[in-house]
Amino acid sequence: MTAKALIIVDVQNDFCEGGALAVGGGAGVAAAISEHVASTSYDHVVATRDYHVDPGGHFSDEPDFVRSWPRHCVAGTAGAAFHPDLDVVPVEAVFSKGQYSDGYSGFDGSTGEESLHDWLTERGVTEVDVVGIATDHCVRATALDAAERGLRTDVRLDLTAGVARRTVDTALDDLANAGITLLGTPVVRT
Ligand SMILES: [Zn+2]
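Residues numbered from 1 in each chain as written. Predicted model: local features only at pLDDT ≥ 70, side-chain atom pairs only at ≥ 80, totals over all residues. Heavy atoms only, no water.

The name recorded for the protein in an unreviewed UniProt entry is nicotinamidase, from Saccharopolyspora halophila. Per UniProt, the protein has the following entry under Pathway (unreviewed entry): "Cofactor biosynthesis; nicotinate biosynthesis; nicotinate from nicotinamide: step 1/1." UniProt, in its Sequence similarities (unreviewed entry) section for the protein, records the words "Belongs to the isochorismatase family." (UniProt positions renumbered as here; feature names shortened; annotations may be inferred.)

Engineer: Can you help me understand the nonpolar core in this one?
Structural biologist: Taken as a class, soluble globular proteins show a tendency for nonpolar side chains to be buried jointly. The biggest cluster of nonpolar side chains holds 55 residues, and the ones touching the most others in it are I7, I8, I33, L120, V128, I133 and V155. Apart from residues no more than four positions distant in its own chain, I7 is found in contact with V46, T48, F107, L116, L120, V128, D129, V130, V131 and T142. (Core = buried A, V, L, I, M, F, W, Y, C linked by side-chain atoms within 4.5 Å. Buried < 20%, exposed > 50% of the residue type's maximum accessible area, 1.4 Å probe, protein only. Contact = heavy atoms within 4.5 Å.)

Engineer: In this structure, what is going on with the layout of surface pockets? I would like to understand it.
Structural biologist: One simple way to see leftover space: roll a probe sized like a water molecule over the atoms. What the largest pocket holds in volume is close to 260 Å³. In this structure, the largest pocket is lined by V66, R67, Y104, D136, H137, R140, A141, T167, T170, A171 and D174. Of all elements in the fold, only α3 (135-148) and α4 (165-177) reach the threshold of two or more residues within the lining of the largest pocket. Here the lining of the largest pocket is built from residues that sort into four nonpolar, three polar and four charged. (1 Å grid on protein atoms, 1.4 Å probe; cavity = no way out; pocket = protein on both sides within 12 Å on 5 of 7 lines; lining within 4 Å. Points joined across faces, edges and corners; volume = space filled by probe spheres on them. Helix = DSSP H or I, 4+ residues; strand = E, 2+ residues; numbered from the N terminus. Nonpolar A, V, L, I, M, F, W, Y, C, P; charged D, E, K, R; others polar.)

Engineer: I would appreciate a short explanation of the side chain of H83 in the present structure.
Structural biologist: Inspection of the secondary structure assignment puts H83 in the loop between β2 (44-50) and β3 (93-97). Among the polar contacts made by the side chain of H83, one reaches the main-chain amide nitrogen of D85 at a distance of 2.9 Å. Setting aside residues no more than four positions away along its own chain, H83 makes contact with V11, Q12, N13, C16, A27 and A30. (Polar contact = N/O pair within 3.5 Å; in protein donor to acceptor, adjacent residues only side chain to side chain.)

Engineer: Please explain the environment of T126 as it appears in this structure.
Structural biologist: Residue position: T126 is located in strand β4 (residues 125-133). For T126 and R149, which are 23 residues apart along the polypeptide, the C-alpha to C-alpha distance reads 9.6 Å.

Engineer: Explanation requested: unusual backbone geometry in the structure shown.
Structural biologist: Glycine aside, residues mostly have negative phi, and peptide bonds are mostly found in the trans state. Omega for the bond connecting I133 with A134 falls within 30 degrees of zero, at -10 degrees, which places this linkage in the cis form. One non-glycine residue, F65, adopts positive backbone phi at about 60 degrees. Of note, F65 is situated in the loop between β2 and β3. Judged by its relative accessible area of 41%, F65 falls in the partly exposed class. You will see that C73, though not glycine, has its phi angle at about 45 degrees, which is positive. Here C73 lies in the loop between β2 and β3. Its relative accessible area of 0% is what places C73 among the buried residues.

Spelled out as structure tokens, the structure:
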């Protein structure tokens, strides 16, 4: 049994226009992912979410926007909810991460009962497409972890939005060096 899954990374209100840590183009990516899912047959579709309770130095009043950030995606707030333009009906499972850590990778996430890796393994998933926000942080970390776990990994960059050109360029190098296939170009507005 082999199966292919789509992993939708952190398409949450705080990462889209008007949010606490808005990434330019985030809302457009939410809508584009919904269209992509409607027109593509994946065996499974899952989503990750940043879901912070007390993530330590991940939050800062003087963030550097590389390793420390303004408060965002606090568990239970509207900012942590999925963007309304993301159709969540096809999403079979949601993996929350970052409760007490940075939580950049979706593979740090859990449904509360099961990790992302265990969930995919149980369903025979050997191949994943990774999309979402932000290209240079959580998409990067999630895709690198997928490849490291032996999953054939593609990142559909046209369905990602990045924080900054410099870190996006570094991320693309890291992903390519890990043998990950990069399709399209990411939205980078800053
Ligand atoms: Zn975070």
